[in-house]
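Chain and residue survey
The lines below spell out each chain.
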Amino acid sequence: MDKMPKWADVALIPFLNLTLAFAISMAVIAAIGQDPFEAVKLMVTGALGSSYGWGYTLYYATNFIFTGLAVSIAFQAALFNIGGEGQAVLGGLGVALVCLYIPFPHWTVAILFAMLGGALFGALWAAIPAYLQAKRGSHVVITTIMFNFIAASLLNYVLVNLLRPKGSMDPASARFPETTNLPTFHDLLSPFGIAFSKSAPVNVSFIVAVVACIVVYLLLFRSRIGYEIRSFGQSQSASVYAGISPVKITMIAMLLSGGLAGMMSINNTMGESERLILNSVEGAGFIGIAVALMGRNHPFGVFLAALLFGFLYQGGGELALWLSIPRELVLVIQGLVILFTGALDNMIRMPVERAFIRAAKRAEARDAKQKEA
């Protein structure tokens, strides 16, 4: 029998990891002289207690869904794509070029082309490290890290020298036309009489992100190419023996990964800023790694983990605003969650596995005694 049932791996272990991370976080808050229970209450009410809080929580979660899915697809092929940040940056450039230079009659048409532009630029940026890994043996971790910095510098140059409006000192593009502006949840829900904060940035991109989760699930678990990607990730030698091309899978997995990371920019660039600005990604590419790890590289798990990190981002912002808690402590809380769900996962997993093994042995011994009787 398996060492541990499936439900324990996908639910119990993450729950215990989170419990331990939040317990230590509360101890740290108490150590600096603040009431940890008041801090938790403020985080919950700030992130979930109003439509304004929900709006920001879902806005951040949208970014993390795209980058988490991007990392998870690469993980399924045993590729560690740390370049989601740079791919999202270049995806923003693709979205901006589409919105600025192609006239659209309505946002429903604009978003389709913007998704294509963001995915194309993100995929092309991931294609170079993928080719170097597949054909030259350059490790994808090293190359994707380097390409993050190259992407940031490239965007800086393009904004300052090419896209910045004449006479403007702000390193940002011009405003996108109104026909490309995406409706927020306030715009979507108000015709139905549902009140939602007008200032919350969550927009129709969240629905696109949810659909992306479904599409990625069907791709990975209900298609031939998804089976090949997962097989390659489980055993490269066995997959090669079965006729699967390592070059093909490496390129396809990284192109899909980069494309999803690039699509994130329909949320922050097209939906929230409505122009291309520096640092619009705000670290979402790196948070996507933690989201994928916590979500066990499964689209549904990525969705739940993205909601959690959206809650941490918005709730942490409320902590820094209303209590004498430095913003850096919020990063400590996020870091603890990443630490216990990633690097220290086995610290919880191994004792739980041993407990299930002991329980299974006792059950087998009990059944044997009953048969003898």
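Going by an unreviewed UniProt entry, the protein chain carries the name ABC transporter permease and comes from Aliiroseovarius salicola. The UniProt entry for the protein chain carries the following comment under Subcellular location (unreviewed entry): "Cell membrane".

A short note on the pattern of salt bridges
One pass over the structure, following the stated rule, counts three salt bridges. Of the charged contacts, one joins arginine 224 and glutamate 228 as a salt bridge, the two residues approaching to 3.5 Å between their closest N and O atoms. Of this pair, arginine 224 and glutamate 228 are both found in helix H9 (residues 224–234), four residues apart, which corresponds to roughly one turn of the helix. The class for arginine 224 is exposed, based on a relative accessible area of 69%. Judged by its relative accessible area of 10%, glutamate 228 falls in the buried class. A salt bridge links glutamate 228 to lysine 248, with the shortest nitrogen-to-oxygen separation between them at 3.3 Å. With a gap of 20 residues between them, glutamate 228 in helix H9 and lysine 248 in helix H11 (residues 246–263) connect regions that are remote in the sequence. Each of Arg224, Glu228 and Lys248 takes part in salt bridges that share partners, so that together they form one network.

Things to note about the nonpolar core
Ranked by size, the top nonpolar core spans 98 residues in total, and within it Phe64 and Phe309 carry the most contacts. The element that contributes the greatest number of residues to this core is helix H3 (residues 51–76), accounting for twelve residues. Once residues lying within four places of it in the same chain are set aside, the contact partners of phenylalanine 64 are Ala284, Ile287, Val291, Ala306, Phe309, Gly310 and Tyr313. Among the nonpolar cores identified, the runner-up in size contains five residues, and Met4, Ala8, Ile13 and Val352 belong to it.

A closer look at the environment of serine 324
You can see serine 324 is positioned in the loop between helix H14 (299–322) and helix H15 (327–343). Using a relative accessible area of 62% as the deciding quantity, one classes serine 324 as exposed. Serine 324 sits 39 residues away from glycine 285 along the chain, and the two C-alpha atoms are 29 Å apart.

Rules of the game
Residues numbered from 1 in each chain as written. Predicted model: local features only at pLDDT ≥ 70, side-chain atom pairs only at ≥ 80, totals over all residues. Heavy atoms only, no water. UniProt positions renumbered as here; feature names shortened; annotations may be inferred. Salt bridge = Lys/Arg side-chain N within 4 Å of Asp/Glu carboxyl O. Helix = DSSP H or I, 4+ residues; strand = E, 2+ residues; numbered from the N terminus. Buried < 20%, exposed > 50% of the residue type's maximum accessible area, 1.4 Å probe, protein only. Core = buried A, V, L, I, M, F, W, Y, C linked by side-chain atoms within 4.5 Å. Contact = heavy atoms within 4.5 Å.

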